[in-house]
Amino acid sequence: MGQSLIVSKFGFWVILATLWGHSIYASAESAGAPSVDPALFDQEPTPLIGLTAIDDPMNDYEEPNASARGGMEMQRYFSTTVVGKLQDCLAGIDKVLSEWTAANKLIPVEHIKTEHQLTLRIWDRTLTGIFEGGYRFDKGKSYVRASLDYFSLKGDQLPLAAIESMLGEYGMDQLTTNLQGALQCE
């Protein structure tokens, strides 16, 4: 069974059909950025933001990165929240991540949207790694999640000092606040 994907490359919308299990990689070369090896995303990312909403306090699902490195100073960026009713807020999350990309003058690598999921990959300013914004609405498991991870081209996770620097440099406090609102369709 096929599935339609919408992939954005620098303002041009291309509608592609693909079979389950196939990945689509867009090139950022035309924007002055090097191409991305798909194997980069097989490595363990550095989690930066992970926000999960559930509609039942008895739900066992928790934010997967709630115990991410950094302790207390990182807790703001990782949370599980109980909401009255889960909503599919994909459009709002897409808007927040796209606005954050533009405000930070970052280069999008790929933008994949399916019915209840979003993956947005973006070069960092120094072209030494890729941010991966994600969204997933899972009505069956009663959760919705927005996240931002970082994949270093060196293949390693960032040390805490680099994470803290990145959080300030890229306005992660405001991005977290905006994602929290968008996660509830505000």
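If you're wondering where the values come from, they're calculated on a predicted model, not measured in any experiment.

What counts and how
Residues numbered from 1 in each chain as written. Predicted model: local features only at pLDDT ≥ 70, side-chain atom pairs only at ≥ 80, totals over all residues. Heavy atoms only, no water. Axes fitted to C-alpha atoms, helices over the stretch in contact; angles between N-to-C directions. Helix = DSSP H or I, 4+ residues; strand = E, 2+ residues; numbered from the N terminus. Parallel < 35°, antiparallel > 145°, perpendicular 65-115°, else oblique. Left-handed = near helix turned anticlockwise from the far one by under 90°. Contact = heavy atoms within 4.5 Å. Nonpolar A, V, L, I, M, F, W, Y, C, P; charged D, E, K, R; others polar. Core = buried A, V, L, I, M, F, W, Y, C linked by side-chain atoms within 4.5 Å. Buried < 20%, exposed > 50% of the residue type's maximum accessible area, 1.4 Å probe, protein only.

As for the packing of helix α1 (residues 90-103) against helix α3 (residues 172-183)
- Running from N to C, α1 and α3 point in directions that differ by 165°, and their axes come no closer than 8 Å. Relative to α3, the element α1 lies roughly antiparallel. Like other packed secondary-structure pairs, α1 and α3 cross with a definite hand, here right-handed. Contacts between α1 and α3 involve G92, I93, V96, L97 and W100 from the first element and M172, L175, N178, L179, A182 and L183 from the second.
- Across the contact of α1 with α3, the residue classes tally to nine nonpolar, two polar and no charged.

With respect to the nonpolar core
- One finds F131 and M172 to be the most contacted residues of the largest nonpolar core, which totals 35 residues.
- The set of elements that each furnish at least two residues to this core consists of β3 (46-54), α1, β6 (117-123), β7 (129-138), β8 (143-152), α2 (160-169) and α3.
- Within the second largest apolar cluster, eight residues are counted, among which are V109, W123, I130 and F151.

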